[in-house]
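# Examining the three-dimensional arrangement
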Amino acid sequence: MEEKTKADVVFKEFWRQNERFADLFNTVIFNGKEVIRPENLSEMDTDVSGTIEMKDYKETLTRARDVVKKTAYGVEFVVMGVENQEKVHYAMPLRTMIYDSLGYLKEYKEITSSRKKDRSLETQAEFLSKMKKEDRLHPIISLTIYYGENAWDGPYCLKDMVVEMPPEIEVVFSDYKMNLLEVRDSGKYLFNNRDVEVVFDITRKTFAGNIEEIRQKYEHEKLSSEMLSVIGKMTGSKEIMEMGNNKEVDSMCTALEKLKQQGIEEGKKEGIEQGKKEGIEEGKLTIIKNLLVSGMSQEKIKTAAGVTEEEIKQAQREL
């Protein structure tokens, strides 16, 4: 839990900067068009908890988003939220829909709360909904940043989570699309903010194992402790995370050495585990061969050694 909380803080602090946040949404959501301007962004409360009430039902949902900002757009404003996701989540569209719904519910309750003392609710419909006919909610746009090393194989929309529907049902089904950015596939975007571009590019190249390419491109580039922390978390490098935690500002050269060393250590570990596995398999085959030579039947060997018929056949082929 402590590790997850630490990661949440790292990402929240990084995306809290308006220039990065604006470039993220302009590039991924608005296809490179400058719709969001950094100077127009302001922070919002990330707590979207709410109580859902019906006639005989009441439930309080406690939810907090990672980063939420709003921006002036014309005479109104748009609400934007970022969710950071390390692992594939097979209910992410539903989870995002709930976050957005709670955001709308929160604003609705703010409106209805202000109407309690308002005597201008004239019609039965207005009195019932506690809203005037001209009251409007503000749009919410959510973006999930998935920084896992493996490709996202989860759903992209609510429809992907629903059983196969016949055409007559599908045509009236209300789908809910999730905006998803896979860091491992972020090379198709052209980010203007240098921090965002560098963090995504180094993470992407690390996943692909292109350490030498990172060296050639970033060897002498200075990185802030904040960027090191984000890169370290995204790539799973505790060493680089530690560099960021210690508030070191270093060239990428040092970070690359740590990534390289991490790769060597992981390779050694995998090699040892593979060696153990191969040793166990070889030992099992030797036992089966000895039992076969002794004249024991295959059925008794399966029971005595706890092996499969295929393993016995393999041992017979090697005799």
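Now for the nonpolar core. Counting residues in each nonpolar core, the largest one holds 37 residues, and the members touching the most others are Trp15, Leu24, Phe25 and Phe200. Among the secondary structure elements, those contributing two or more residues to this core are α1 (2–16), α2 (18–28), β5 (76–85), β6 (140–146), α6 (194–207), α7 (211–218) and α8 (225–235).

Residues at a pLDDT of 70 or more form 76% of the protein chain, whose mean pLDDT is 80. At the level of individual helices and strands, the protein chain shows its lowest average pLDDT in strand β9 (residues 250–251), which scores 54, and its highest in strand β7 (residues 180–182), which scores 97.

So, about the side chain of Asp135. Counting through the fold element by element, Asp135 comes out in the loop between α4 (124–129) and β6. Within the structure, Asp135 has its side chain in polar contact with the backbone nitrogen of Lys132 (distance 2.8 Å). The contact partners of Asp135, leaving out residues within four places of it in the chain, are Ile111 and Arg115.

With that out of the way, let us pick up the pattern of salt bridges. For the structure on display, the rule yields 15 salt bridges. In this structure, Arg16 engages Glu13 in a salt bridge whose closest nitrogen and oxygen atoms are separated by 2.7 Å. Of this pair, Arg16 and Glu13 both sit in helix α1, three residues apart, which is roughly one turn of that helix. By sharing partners, the salt bridges in this structure join Asp201, Arg204, Lys205, Glu213 and Lys217 into a single network.

What follows is about the packing of α6 against α8. Two elements in contact, α6 and α8, have axes whose closest approach is 10 Å; the angle formed by their N-to-C orientations is 30°. In terms of axis orientation, α6 runs roughly parallel to α8. Of the two elements, α6 crosses α8, and the hand of that crossing is right-handed. Facing α6, whose interface residues are Asp195, Val198, Val199, Phe200, Ile202, Thr203, Thr206 and Phe207, α8 presents Met227, Val230, Ile231, Met234 and Thr235. Among the residues making up the contact of α6 with α8, the classes are represented as nine nonpolar, three polar and one charged.

Spatially, five strands are ordered β1-β4-β5-β6-β7 in an open sheet, and the strand pairing comes out mixed. Across the chains shown, the open sheet's two edge strands, defined by having one partner strand only, are β1 (41–43) and β7. Strand after strand, the sheet turns through a mean of 25° between neighbouring axes, direction not considered. Examined bridge by bridge, β1 and strand β4 (residues 67–73) share three bridges and lie antiparallel to one another. Residue pairing in the sheet places Glu43 in a bridge with Lys69 of β4. Across the sheet, helix α3 (residues 92–115) lies against β5 and β6, angled at about 150° from β6, the strand it touches most.

The next thing to look at is the packing of aromatic side chains. A complete count under the given rule lists seven aromatic pairs for this structure. A centroid spacing of 4.7 Å and a plane angle of 50° characterise the contact between Phe11 and Tyr147, whose relative ring orientation is tilted. You can see Phe11 sitting in helix α1 and its partner Tyr147 sitting in the loop between β6 and α5 (167–170), a full 136 residues away along the chain. As far as the burial class goes, Phe11 and Tyr147 line up, both buried.

As a further point, take α7. Residues separated by three or four positions in an α-helix point in the same direction, a consequence of the helix having 3.6 residues per turn. For α7, the set of buried residues is Ile214, Arg215 and Tyr218. What you see down the axis of α7 is that its buried residues fit within an arc of 100°, all on one side.

A few words on unusual backbone geometry. The residue Asn31 is not glycine, and still its phi comes out positive at about 55°. With phi around 60°, Lys130 is a residue other than glycine that occupies positive phi space. Position of Lys130 among the secondary structure elements: in the loop between α4 and β6. The exposure class of Lys130 is partly exposed, given its relative accessible area of 31%.

The next subject is α2. α2 sits mainly inside the fold: nine of its 11 residues count as buried. What α2 keeps buried is the set Arg20, Phe21, Ala22, Asp23, Leu24, Phe25, Asn26, Thr27 and Val28.

A word on the pairing of β5. Both faces of the sheet carry side chains from a regular strand, because those side chains alternate between them. Among the 10 residues of β5, eight are classified as buried, and the element is accordingly described as predominantly covered. Here seven bridges tie β5 to β6, and the two strands are oriented parallel to one another. Bridge pairing in β6 places Glu83 opposite Thr144.

Rules and cut-offs
- Residues numbered from 1 in each chain as written.
- Predicted model: local features only at pLDDT ≥ 70, side-chain atom pairs only at ≥ 80, totals over all residues.
- Heavy atoms only, no water.
- Core = buried A, V, L, I, M, F, W, Y, C linked by side-chain atoms within 4.5 Å.
- Buried < 20%, exposed > 50% of the residue type's maximum accessible area, 1.4 Å probe, protein only.
- Helix = DSSP H or I, 4+ residues; strand = E, 2+ residues; numbered from the N terminus.
- pLDDT = per-residue confidence, 0-100.
- Polar contact = N/O pair within 3.5 Å; in protein donor to acceptor, adjacent residues only side chain to side chain.
- Contact = heavy atoms within 4.5 Å.
- Salt bridge = Lys/Arg side-chain N within 4 Å of Asp/Glu carboxyl O.
- Axes fitted to C-alpha atoms, helices over the stretch in contact; angles between N-to-C directions.
- Parallel < 35°, antiparallel > 145°, perpendicular 65-115°, else oblique.
- Left-handed = near helix turned anticlockwise from the far one by under 90°.
- Nonpolar A, V, L, I, M, F, W, Y, C, P; charged D, E, K, R; others polar.
- Pairing = 2+ DSSP bridges.
- Phe/Tyr/Trp six-rings, centres within 6.5 Å; stacked < 30°, edge-to-face > 60°.
- Arc of directions from axis to C-beta.

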